Amino acid sequence: MKQTEAVDIQEYLSEKCRLIDKLLDEFIPPATQAPQSLHQAMRYSVMAGGKRIRPILALAAFEYCNGEQTRTGRAIEYAMAGLEMIHTYSLIHDDLPCMDDDDLRRGQQTCHKKFGEATAVLAGDALHDIAFGLMAKTGSTEVVTELAQAIGTFGMIGGQMADVEAEGRDISKVEITEIHNCKTGSLIRSSVRIGAILAKADYKTLMSLSKYGEKIGLAFQIIDDILDIEGSQELLGKKVGSDCLKKKATYPGVVGLKPARQDADRLIDDAVSYLNSFGDNRLIHIALYIGRREK
Ligand code: GRG
């Protein structure tokens, strides 16, 4: 698809959400299978919806690089399902009393509220394990390593640790940027890279897409912070105003609301500048969607 062709991004996102739901249903054991309560909890959190932005980014990057499903078999589908499971595991653990202690997620009770803390911890762990099994099934060790690094101590987990340690403390713009890049940006950047790696993108394209992913990843978390101030609980499906209540370090808290919005807009523009405007333009539309999202 070329830049001049119109893309109904909402239609694209909805169609891909349906595909992702189907894949998740296929790869998570049925709720009737023992241990039932664990499988129920995993399905409860994963099938509650969500924007599915990480697997959609992987697919859009795969398509941008002209990856063909037939050549790679189901590799991109395994990766998409795995990415959403990793993301959901992080949400389940992030909501626990020892972390953010949240009661509401994706418009319903959080996993630990519904099933208890022990089951929620294990449901998150089990999603993580299935995800890595699926990544291995892509046949690409590069993809497995890519994800492990993105969510490890120098990525998502490291960012979460720094986030916990920054609570109630004054921090600089450099520090909050680093926390957001690791906690949220790292998995988003990695989702884009995984799509490109599976499509066997050349080095230059992989580098451009990595920059695209880095920029939208940071913008995504800045907007998440802004929505916690200005957003609607109904649209977001989670409580708003909780960052302030918990004295969490946030981007608008450090730089102010208006500069935060301006920085997010600039990051989206920067992200788009890394894309080849003669190629498939879905990644452009996804970046713009992230920039103006309300949920
Ligand atoms: C191992 C105890 C333990 C914790 C894991 C929780 C964690 C470490 C890291 C994750 C931090 C985190 C939850 C980052 C993501 C922040 C974020 C923007 C979440 C919301 O993502 P959306 O908007 O949600 O994509 P939906 O519901 O649409 O999928």
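Structure: see above.
Let me sum up the structure you'll find in this document. None of the values given here were measured: they were computed from a predicted structure.

**Digging into a nonpolar patch on the surface**
Reasoning step 1: A surface patch of nonpolar side chains, amounting to about 240 Å² of accessible area, comprises M99, M161 and V164.
Reasoning step 2: Among the structural elements, M99 can be located in the loop between α5 (75-94) and β1 (104-105).

**Quick look at the pattern of salt bridges**
Reasoning step 1: The full count for this structure, using the stated rule, is 25 salt bridges.
Reasoning step 2: With its nearest N and O atoms 3.2 Å apart, the salt bridge here joins D263 to K173. Taken together, the residues D263 in helix α15 (residues 257-273) and K173 in helix α10 (residues 173-198) connect sequence positions 90 residues apart.
Reasoning step 3: D263 gets classed as buried once you look at its relative accessible area, which sits at 10%.
Reasoning step 4: On the basis of relative accessible area, K173 is assigned to the partly exposed category, the value being 39%.

**Focus: the site of the ligand**
Reasoning step 1: Within the structure, the ligand sits among 20 residues, and K51, R54, H87, S90 and R106 are positioned closest to it.
Reasoning step 2: A distance of 2.8 Å separates an oxygen atom of the ligand from a polar side-chain atom of H87.
Reasoning step 3: Burial of the ligand by the protein chains amounts to 88% of its free accessible area of 740 Å².
Reasoning step 4: Those elements that provide at least two residues to the shell around the ligand are α5, α9 (156-166), α10 and α11 (203-230).
Reasoning step 5: In terms of residues, the shell around the ligand owes the most to one element, α5, which gives six residues.
Reasoning step 6: Taken together, the residues that form the shell around the ligand break down as six nonpolar, seven polar and seven charged.

Conventions and cut-offs
Residues numbered from 1 in each chain as written. Predicted model: local features only at pLDDT ≥ 70, side-chain atom pairs only at ≥ 80, totals over all residues. Heavy atoms only, no water. Patch = residues over 30% accessible without salt bridge, like charges linked within 9 Å, V, L, I, M, F, W, Y side chains within 5 Å. Areas by Shrake-Rupley, 256 points an atom, 1.4 Å probe, with all protein chains shown as cover. Salt bridge = Lys/Arg side-chain N within 4 Å of Asp/Glu carboxyl O. Helix = DSSP H or I, 4+ residues; strand = E, 2+ residues; numbered from the N terminus. Buried < 20%, exposed > 50% of the residue type's maximum accessible area, 1.4 Å probe, protein only. Near = heavy atom within 4 Å. Polar contact = N/O pair within 3.5 Å; in protein donor to acceptor, adjacent residues only side chain to side chain. Nonpolar A, V, L, I, M, F, W, Y, C, P; charged D, E, K, R; others polar.

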